[in-house]
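Architecture at a glance
Here is how the chains run, residue by residue.
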Amino acid sequence: MSLRIAHVSDVHVLDLTGTKPWRFLNKRITGLANLMGARKAAHPHSMLEQIVRELEGDDVDHVIISGDLSNLALESELSRARELVKPLGGFDRVSVVPGNHDVYTRGAQRSRRFERFFGDLMWRGGEAQAYPWFKDLGPVKLVGFSSANATAPLFAHGHVARAQLDRLASLHREGALDGGFGVGVVHHNLHRRGRRKDWMHGLRNRDELVAACKSAGVGLILHGHTHVSNRFEQDGIAIVGSGSSTWSSPEPRHTGRYNVYTVDEGGVRDTEVRVFDAGTGAFGGPARA
Ligand SMILES: [Fe+2]
Ligand SMILES: [Fe+2]
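As a starting point, this report considers the structure included with it. (Residues numbered from 1 in each chain as written. Chains lettered and ligands numbered in written order. Predicted model: local features only at pLDDT ≥ 70, side-chain atom pairs only at ≥ 80, totals over all residues. Heavy atoms only, no water.)

1. Let's talk about the overall build of the chain
Keep this limit in mind: Per the convention used, a helix needs a DSSP run of H or I reaching at least four residues, while a strand needs a run of E reaching at least two, with both numbered from the N terminus. In this treatment the radius of gyration is a C-alpha quantity, and the globule benchmark scales as 2.2 Å times the residue count to the 0.38 power. Burial here depends on accessible area, computed with a 1.4 Å probe over protein chains only, as a share of the maximum for the residue type. Under 20% is buried, over 50% is exposed, and the range in between is partly exposed. What sets the accessible areas is the Shrake-Rupley method with a 1.4 Å probe; for residues, cover comes only from the shown protein chains.
A count of helices and strands for the chain gives 8 helices and 12 strands. For 289 residues, the compact-globule estimate of 2.2 N^0.38 gives 19 Å, and the C-alpha radius of gyration of the chain, at 18 Å, lies within 12% of that figure. Seen through its principal axes, the chain has C-alpha atoms that stretch 50 × 45 × 40 Å. When the 289 residues of the chain are sorted by exposure, 56% land in the buried category. Carbon and sulfur atoms form 53% of the exposed surface of the chain, whose accessible area is close to 12100 Å².

2. Quick notes on the sheet that holds strand β5 (residues 140-144)
Across a sheet, strands are paired by hydrogen bonds formed along the backbone, either parallel or antiparallel in direction. Applied cut-off: Strand pairing follows a simple DSSP-based rule, namely that at least 2 bridges must link the two strands. To obtain an axis, a line is fitted to C-alpha atoms, over the contacting stretch when the element is a helix, and the angle between two such axes runs from 0 to 180 degrees between their N-to-C directions.
With mixed pairing, 6 strands are arranged side by side in an open sheet as β4-β5-β6-β7-β9-β8. Two strands lie at the open edges of the sheet, namely β4 (133-136) and β8 (230-234), each paired on one side alone. Each adjacent strand pair in this sheet contributes to an overall mean axis angle of 20°, direction not counted. Sheet topology note: the strand β6 (residues 181-185)/strand β7 (residues 218-223) ladder contains 4 bridges and is parallel. Within the sheet, the bridge partner assigned to valine 183 lies in β7 and is leucine 220.

3. Observations regarding the coordination of the iron ion (ligand 2)
Threshold: In this description, a donor is an N, O or S atom within 2.8 Å of the metal centre, a cutoff extended to 3.2 Å for sodium, potassium and calcium. Water is not part of the atom list, which can make sites seem incomplete. Here a site with four donors is tetrahedral if all angles are between 85 and 135 degrees, and a site with four or six donors is square planar or octahedral if opposite donors are over 155 degrees apart and the other angles are between 65 and 115; anything else gets the irregular label.
Bound to the iron ion (ligand 2) are the protein donor atoms Asp68 (OD), Asn100 (OD1), His187 (NE2) and His225 (ND1), situated 2.1 to 2.2 Å from the metal. Around the iron ion (ligand 2), the 4 donor atoms sit at angles spanning 88 to 161°, and that spread fits a shape best called irregular. Written as a sequence motif, the donor arrangement for the iron ion (ligand 2) is D-x31-N-x86-H-x37-H. Taken as a pair, the iron ion (ligand 2) and the iron ion (ligand 1) show a spacing of 3.5 Å, with aspartate 68 coordinating each metal. Placement of aspartate 68 in the loop between β2 (62-65) and α3 (75-85) and of asparagine 100 in the loop between β3 (94-96) and α4 (106-110) is noted, with a sequence separation of 32 residues between them. Note on asparagine 100: relative accessible area 7%, which makes it buried.

4. Notes on the nonpolar core
Spelled out, the test is: Definition of nonpolar core: a set of buried residues of the types Ala, Val, Leu, Ile, Met, Phe, Trp, Tyr and Cys, connected through side-chain atoms within 4.5 Å. The contact rule is simple, with two residues in contact once any of their heavy atoms fall within 4.5 Å.
With 46 residues, the main nonpolar core has Leu55 and Phe118 as its most contacted residues. Top contributing element to this core by residue count: helix α2 (residues 45-56), with 5 residues. Ignoring anything within four residues of it in the chain, the contact list for leucine 55 reads Ala6, Val8, Val60, Val63, Leu88, Arg93, Tyr258 and Arg274.

5. Here we look at unusual backbone geometry
Note that the residue after tyrosine 131, namely proline 132, is joined by a cis bond; omega there is -5°. With a phi angle near 50°, arginine 112 is a residue other than glycine that sits in the positive phi range. By secondary structure assignment, the location of arginine 112 is in the loop between α4 and α5 (113-118). Its relative accessible area of 34% is what places arginine 112 among the partly exposed residues.

Structure below.
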């Protein structure tokens, strides 16, 4: 049996409604400056609404959103993002992981604000809310990590805590991933982009995560963070970044896109890339990766 899984990322919902000015007197001041500049119209909600319309139907079995659903981790943004993706369904049909923008400040991280708005898409009611979350989709076993941490201004690096790697190892020991294809989801990219960028914006323990995934039999890791799509292979694991799904840039490499993978117990059988077409207002395809 195969499943069709959509991979959406970095939709960056912007909503400052009701936010008191003093809430920008922290790291958000740099984020806000950014948003007032080039980024203001970079991720229109209309593109996310179009994605939701396209994925609402029976065309795909499951939708993964690999983080950065918001810009500044404000309640107004997380609540708006949650509303916008609501038509896609609940726990059994939608999965998310937090991005660095979803835990933008220490306050947002400490209060587990992202988990408050999106926890129902990661854990069943009553289940301990620990990362990585785990979902048994039959032929696909899904594991969702949090690499997101509040960082100093201008930094956006990530880290997957040791406890998460240990938890993955115990899931593997308990046989949770047996009989299916293991797919990991994490926000930060795993490809190298140069020493400075990797230190400032990358996943600092990327090799540890890949090694832990390999030991657990994970065959595919999906990520976001870099708004340009990317794919490569490390230690036999396919690593795929979808790129931002809502980037309105006309530059062909940057234009918003999402992927649809056909996956069975043996691995990925097909990857369809659906790229936004400003002419039709829809995400065209299928283009094969
Ligand atoms: Fe992003
Ligand atoms: Fe990010």
